[in-house]
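Residue-level listing of the chains:
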Amino acid sequence: MKDAVFVATGRGTKGSSPIRFIAFAAVLVLAVIIFFATVSGIYENVNANEIVVKQAWISGNLSMWTDPGIKPLWWGKTTHYDRSRQFWFSSKTDQGTAEDQSVKITFNDGGHAQLSGSVRYSLPLDEPSMMKLHKDFHGKEAIEQSLIRTVFEKAIYLSGQQMSSTESYQVR
């Protein structure tokens, strides 16, 4: 009778308590989650085809990594840039995005056309130039849309004003 009371309450001498085991397992799972959440902010892997700009967690200082490998992050924020990338401005859905990204050109006689194409660009590897790009645009999509596309649209507009639509067609 005495053994039955101890077993029913879970405090017997035979085995450990299921409540203690569940509590221990819950604490262990929580510790593992906290460990991996903390460790994931300690380092960053830089691939060979990218440039990574890191903003320090506390000071906010910027630094740049161009060589591949594991780098100390210490919970800072990173922005990844491709070293070289193809930018499409095309009406075709398999080039660039699924939407029409072609650029409208207006000729000096009032004719219009849609221009499709692409350009490959490479980002600078020197720190002052890359930091300026990062501070001004803060991302590869912004560089493409706010810098490269804008420059192309202006160049295409100015080029279109130099010839008529008939001259453009005859040159083909």
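In short, a report on the structure.

**Re the nonpolar core**
Alright, step 1. By size, the foremost hydrophobic cluster in this structure holds 17 residues, and its most contacted members are Ile51, Tyr81, Leu123 and Met130.
Alright, step 2. When contributions to this core are tallied by element, the ones reaching two or more residues are β2 (50-55), β6 (84-89), β7 (103-106), α3 (127-137) and α4 (140-160).
Alright, step 3. With sequence-adjacent residues up to four places away left out, Met130 is seen in contact with Ile51, Val53, Met64, Tyr81, Leu123 and Pro124.

**Looking at a nonpolar patch on the surface**
Alright, step 1. Taken together, Phe24, Leu28, Val32, Phe35 and Phe36 make up a surface patch of nonpolar side chains, about 530 Å² in accessible area.
Alright, step 2. On the secondary structure map, Val32 appears in helix α2 (residues 18-39).
Alright, step 3. Looking at Val32, the relative accessible area reads 39%, which means it is partly exposed.

**A short note on the environment of Lys71**
Alright, step 1. With respect to the secondary-structure elements, Lys71 resides in strand β4 (residues 69-72).
Alright, step 2. You can call Lys71 buried: its relative accessible area is 13%.
Alright, step 3. The spatial distance from the C-alpha of Lys71 to the C-alpha of Glu44 is 5.2 Å, given a sequence separation of 27 residues.

**Here's the deal with the pattern of salt bridges**
Alright, step 1. In the structure shown here, the tally under the stated rule is 6 salt bridges.
Alright, step 2. Between Glu144 and Arg85 there is a salt bridge; the shortest N-O distance is 2.5 Å. On the criterion of sequence distance, the pair formed by Glu144 in helix α4 and Arg85 in strand β6 is long-range, its members being 59 residues apart.
Alright, step 3. Assessed through its relative accessible area of 23%, Arg85 is described here as partly exposed.
Alright, step 4. Sharing partners across several salt bridges, the network here consists of Asp82, Arg85, Lys140 and Glu144.

The rules behind these values
- Residues numbered from 1 in each chain as written.
- Predicted model: local features only at pLDDT ≥ 70, side-chain atom pairs only at ≥ 80, totals over all residues.
- Heavy atoms only, no water.
- Core = buried A, V, L, I, M, F, W, Y, C linked by side-chain atoms within 4.5 Å.
- Buried < 20%, exposed > 50% of the residue type's maximum accessible area, 1.4 Å probe, protein only.
- Helix = DSSP H or I, 4+ residues; strand = E, 2+ residues; numbered from the N terminus.
- Contact = heavy atoms within 4.5 Å.
- Patch = residues over 30% accessible without salt bridge, like charges linked within 9 Å, V, L, I, M, F, W, Y side chains within 5 Å.
- Areas by Shrake-Rupley, 256 points an atom, 1.4 Å probe, with all protein chains shown as cover.
- Salt bridge = Lys/Arg side-chain N within 4 Å of Asp/Glu carboxyl O.

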